[in-house]
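Structural overview for review
Single-letter residue listing:
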Amino acid sequence: MSASNEAKMNAVSLNAWYGAKQALFNVSLDFVPNKVTAMIGPSGCGKSTLIRCLNRMHELVPNTRITGKVLLDDQDIYSQGSDPADVRRRVGMVFQKPNPFPTMSITDNVVAGLKLSGVRDKKRLTEVARNMLERVYLWEEVKDDLKRSGASLSGGQQQRLCIARALAVEPEVILMDEPCSALDPIATAKIEELIASLKEIYTVIIVTHNMQQAARVADYTAFMYLGELVEYGETSQVFESPKQPLTERYVTGKFG
């Protein structure tokens, strides 16, 4: 199912397993550059498995496997010779629960990935930290106390800090797995505002249980059910005139 011929990323006939249990069934999906794509569907439908396949995190779980392809700029990220660490730098991930490094300062949290890749220039690290904190609308809130622990921030601030950390290594695609599920409505609104701004630079893929959130932030929406892609299209079309009866039942709250 395709939204555009000019995709930044493509899942092609993707199947995924946890042991003997198949979690994805022949999913093909194109992700449009500089747009937000939301994946919706009931719990256990394969949304999180799919995005973990998009940056090779699925394979970190023991006894898992996939078939099919994931293309990033038309190159298969699972091909022989593809470096998983490079894939995960180019395709960043933000998790459901904010996970700042508790023993690190706010600044060190932001630049942790850069330091890991060998960057030692203090001036550059300081500049990147400020730029990323500004990009996620966090600088004004923390600029007077950058040495405090990242874990001392509020939940919403921690999530924006984790987004800044993901952006610092200059990814091309940002994956977000339920990034607002642990946050209050005010913090959620800030993250949604941030997502809208990020698509100017990045391709953003978000998993959400919140259909109102998908309607607010996403340009495209994919509806998944029992490991299969049921429908994919522009968000307004999926919510207002779904083509599949199952999609219509889900978005109108008749199940899920």
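Structural data are supplied above this passage.
Criteria and cut-off values
Residues numbered from 1 in each chain as written. Predicted model: local features only at pLDDT ≥ 70, side-chain atom pairs only at ≥ 80, totals over all residues. Heavy atoms only, no water. Axes fitted to C-alpha atoms, helices over the stretch in contact; angles between N-to-C directions. Helix = DSSP H or I, 4+ residues; strand = E, 2+ residues; numbered from the N terminus. Parallel < 35°, antiparallel > 145°, perpendicular 65-115°, else oblique. Left-handed = near helix turned anticlockwise from the far one by under 90°. Contact = heavy atoms within 4.5 Å. Nonpolar A, V, L, I, M, F, W, Y, C, P; charged D, E, K, R; others polar. Buried < 20%, exposed > 50% of the residue type's maximum accessible area, 1.4 Å probe, protein only. Pairing = 2+ DSSP bridges. Phe/Tyr/Trp six-rings, centres within 6.5 Å; stacked < 30°, edge-to-face > 60°. Lys NZ or Arg CZ within 6 Å of the ring centre and 35° of its normal.

**Focus on the packing of helix 3 (residues 106-116) against helix 6 (residues 155-168)**
For the pair helix 3 and helix 6, interaxial distance at closest approach is 7 Å and the crossing angle is 30°. In terms of axis orientation, helix 3 runs roughly parallel to helix 6. Considering the relative orientation of helix 3 and helix 6, their crossing is right-handed. Packed against helix 3, whose contacting residues are Ile-106, Asn-109, Val-110 and Leu-114, the element helix 6 presents Leu-161, Ala-164, Arg-165 and Ala-168 at the interface. For the contact of helix 3 with helix 6, the residue count by class is 6 nonpolar, 1 polar and 1 charged.

**Description of the pairing of strand 8 (residues 203-207)**
Here strand 8 lies mainly inside the structure; 5 of its 5 residues are buried. Burial of strand 8 is two-sided: the residues Thr-203, Ile-205 and Val-207 facing one way and the residues Val-204 and Ile-206 facing the other way are all buried. As paired elements, strand 3 (residues 36-40) and strand 8 share 4 bridges and run parallel to each other. When the bridges of strand 8 are listed, Thr-37 appears paired with Ile-205. As judged from the 5 bridges shared by strand 7 (residues 173-177) and strand 8, these two strands associate in the parallel manner.

**Brief notes about the pairing of strand 4 (residues 64-72)**
The side chains of a regular strand alternate, residue by residue, between the two faces of the sheet. Sheet topology note: the strand 1 (residues 9-18)/strand 4 ladder contains 8 bridges and is antiparallel. Bridge pairing in strand 4 links Trp-17 to Arg-65. The pairing of strand 4 with strand 5 (residues 75-76) spans 2 bridges and is classified as antiparallel. Counterpart to Leu-72 in the pairing with strand 5 is Gln-75. Turn length for the strand 4-strand 5 hairpin, with the two strands adjacent in sequence and antiparallel, is 2 residues, and the turn residue Asp-73 shows positive phi of about 50°.

**A look at the packing of aromatic side chains**
Aromatic rings considered in pairs are described by the distance between their centres and by the relative angle of their planes. On inspection of all chains with the given rule, the structure shows 2 aromatic pairs. Between Phe-223 and Tyr-250, the aromatic rings sit 4.9 Å apart at their centres with planes inclined by 25°, giving stacked as the arrangement. Pair noted here: Phe-223 is in strand 9 (residues 220-225) and Tyr-250 is in helix 10 (residues 245-251), with a separation of 27 residues, a long-range link. Looking at Tyr-250, the relative accessible area reads 3%, which means it is buried. The ring of Phe-101 is capped by Arg-165, whose NZ or CZ atom sits 4.3 Å from the centre of that ring.

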